[in-house]
Amino acid sequence: MPVSKYRNILIMAVLCLFILPSCSSDETRFVMEGNFRNMNQVELYVFDSQKGTKDTIHVQRGRFKYERVMTDTTVLTIMFPNYSTLPVFAHGGISVMLKGDASHLRETKVTGSEENDDMTTLRLENNKLTPPEADKAAEAFITEHPTSLVSLYLLQTHFIQSVEPDYKKALRLCASMHKAQPANVSVALLHKQLQELCKGHIGSRLPHFAVLDSKGKLRTNKDLRKELNIVCLVAVWNNESIDLLHRAQQLQREHKDSVALMAISIDATKRESTIMIRRDTIECPFICNGKMWQSELARKMGLNNLPLAIIADRQGKVLQRVNDPKKLSDEINKRLK
């Protein structure tokens with residue numbers, strides 16, 4: 001065979017090595033771009049609670065570009081410098097655009113897919129509604145679109161991950177979603193979990209657990225056997241949850257013989273939690289497994305929103321759920337009288 005033919009075959013082989021992966025990556029590559037007025041050099045964070053990861057986005061002159069390979073569909077949470085958040089539905093093969101103004105982040109538009117278009121429309125409409133009206137709008141959307149990923153997100157945020165979750169309504173809506181898409185594993189699992197949660201909320205019992213804290217010490221239900229026991233959900237990036245933990249720690253110090261305290265972190269890494277523990281002199285048992293919202297202990301205890309703390313009695317019966325430092329103080333002081 002002539003040398004030129006060998007050369008041509010080699011060139012074609014090399015080209016295939018480049019072309020084939022690029023075709024494959026186009027199907028799995030997710031691209032997100034941003035264009036924000038009045039936003040210069042800042043950092044945004046991208047949380048993927050499903051995988052328990054956090055990425056940093058560097059914004060230059062109001063613009064950024066974020067890319068990653070994705071083999072499934074998930075909801076990414078964008079956190080802005082003012083700690084407000086924005087959901088973005090992501091999967092391979094799409095390009096999403098975020099447009100907005102730093103002074104009106106609630107009006108940010110996310111476009112590029114049917115899910116993001118629907119979520120943007122609903123979110124902008126909800127900005128004009130009261131919380132109860134927004135819940136009704138979410139319920140109507142879920143009822144009309146039982147197979148939409150947006151519906152699954154709305155179910156979680158409006159009826160499950162709220163200070164006073166409505167598990168019965170969530171179960172009813174989830175049942176209709178499960179009927180419409182019986183093969184969806186996520187919906188089926190959520191439906192099963194809601195059936196358990198509906199058995200009781202306030203008045204239910206803390207689950208049995210055995211976990212290692214930040215110092216490697218085994219923690220169990222026996223650590224929550226005082227007259228009143230507080231379990232706080234916290235995250236480094238949520239100031240309100242840290243304020244609530246500080247108040248809980250103050251109450252525990254004032255009533256050390258009557259009040260026990262434990263904190264569960266949903267940070268993406270144990271290192272982030274360790275920094276907060278040292279910075280804020282957190283002395284209570286502190287649990288972090290780096291799984292964010294997928295933390296097994298947090299989910300078992302029904303801790304599904306930030307800020308949030310639960311108060312339980314000596315037998316582990318849940319007495320109250322609070323999301324405000326003052327309300328926490330009032331509840332503890334009232335019950336200790």
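Owing to the predicted nature of the structure, the values given are computational and were not obtained by experimental measurement.

Criteria and cut-off values
- Residues numbered from 1 in each chain as written.
- Predicted model: local features only at pLDDT ≥ 70, side-chain atom pairs only at ≥ 80, totals over all residues.
- Heavy atoms only, no water.
- Helix = DSSP H or I, 4+ residues; strand = E, 2+ residues; numbered from the N terminus.
- Contact = heavy atoms within 4.5 Å.
- Buried < 20%, exposed > 50% of the residue type's maximum accessible area, 1.4 Å probe, protein only.
- Pairing = 2+ DSSP bridges.
- pLDDT = per-residue confidence, 0-100.
- Core = buried A, V, L, I, M, F, W, Y, C linked by side-chain atoms within 4.5 Å.
- Axes fitted to C-alpha atoms, helices over the stretch in contact; angles between N-to-C directions.
- Parallel < 35°, antiparallel > 145°, perpendicular 65-115°, else oblique.
- Nonpolar A, V, L, I, M, F, W, Y, C, P; charged D, E, K, R; others polar.
- Left-handed = near helix turned anticlockwise from the far one by under 90°.
- Expected span 1.5 Å × (residues − 1).
- Arc of directions from axis to C-beta.

Caption draft 1: Spotlight on the side chain of Arg321. Turning to its location among the elements, Arg321 is positioned in strand S15 (residues 318-322). The residues touching Arg321, leaving out its near neighbours within four places in the chain, are Ser162, Val163, Pro165, His201, Ile202, Gly302, Asn304, Leu308, Ala309, Ile310 and Lys327.

Caption draft 2: Region of the structure containing the environment of Thr74. The topology assignment puts Thr74 in strand S5 (residues 74-79). Along the sequence, Thr74 and Asp48 sit 26 residues apart, while their C-alpha atoms lie 7.7 Å from each other. Sequence-distant contacts of Thr74, that is, excluding residues within four places in its chain, are made with Asp48, Gln50, Val88, Phe89 and Ala90.

Caption draft 3: Layout of unusual backbone geometry. Its identity is not glycine, yet Asn38 carries a phi of approximately 60°, on the positive side. Positionally, Asn38 belongs in the loop between strand S1 (29-37) and strand S2 (42-48). For Asn38, a relative accessible area of 60% translates into the label exposed. Despite not being glycine, Tyr83 shows a phi value in the positive range, around 75°. Looking at where Tyr83 falls in the secondary structure, it is placed in the loop between S5 and strand S6 (85-90). Classification of Tyr83 by relative accessible area gives partly exposed; the value is 43%.

Caption draft 4: Focus on the sheet that holds strand S11 (residues 228-234). Pairing in this open sheet of five strands is mixed, and the strands run S13-S12-S11-S14-S15 from one edge to the other. On the outer flanks of this sheet lie strand S13 (286-287) and S15, each paired with one strand and no other. Note: strand S14 (residues 308-313) against S15, four bridges, orientation antiparallel. Within S15, the residue paired with Ile311 across the bridge is Gln320.

Caption draft 5: Structural view of the confidence of the model for the protein chain. On average, the protein chain scores 86 in pLDDT, and the residues at 70 or more come to 91%. For the protein chain, helix H1 (residues 3-28) is the element with the lowest average pLDDT, namely 47, and strand S8 (residues 109-111) is the one with the highest, namely 97. When the criterion is pLDDT under 50, residues 1-24 qualifies, and its contacts beyond four places in sequence or with other chains add up to three contacts.

Caption draft 6: Quick look at the nonpolar core. Counting residues in each nonpolar core, the largest one holds 25 residues, and the members touching the most others are Leu224, Val231, Leu233, Trp237, Ile264, Met301 and Leu303. At the level of elements, S11, strand S12 (259-265), helix H9 (296-300) and S14 are the ones that each hand at least two residues to this core. Look past the residues within four positions of Leu303 in its chain and what remains in contact with it is Val231, Leu233, Ile264, Trp293, Ala298, Leu308 and Ile310. Grouped together as the second largest cluster of nonpolar side chains are 23 residues, Ile230, Val234, Leu245 and Ala248 included.

Caption draft 7: Here's a closer look at the packing of helix H3 (residues 131-144) against helix H5 (residues 167-180). The interhelical angle for the contact between H3 and H5, taken along N-to-C directions, is 25°, at an axis separation of 9 Å. It follows from the interaxial angle that H3 and H5 lie roughly parallel. Residues Glu139, Ile142 and Thr143 of H3 form the contact with H5, whose participating residues are Lys169, Arg172, Leu173 and Met177. Class assignment for the residues of the contact of H3 with H5 results in three nonpolar, one polar and three charged.

Caption draft 8: A look at the packing of helix H7 (residues 239-254) against helix H8 (residues 270-280). As a packed pair, H7 and H8 sit with axes 13 Å apart at the nearest point and diverge in direction by 50°. The angle between the axes of H7 and H8 places the two elements in the oblique class. Once H7 is placed against H8, the crossing between them reads as right-handed. Contacts between H7 and H8 involve Ile242, His246 and Gln249 from the first element and Met276, Arg279 and Asp280 from the second.

Caption draft 9: Focus on H5. Across its 14 residues, H5 extends 20 Å between first and last C-alpha, which sits within 8% of the 20 Å expected from 1.5 Å per residue. Residues of H5 that are buried include every one of Tyr167, Ala170, Leu173, Cys174 and Met177, and no others. End-on, the buried residues of H5 take up no more than an arc of 130°, which puts them together on one face. Exposed residues pointing more than 90 degrees away from the buried face of H5 are listed as Lys168 and Lys179.

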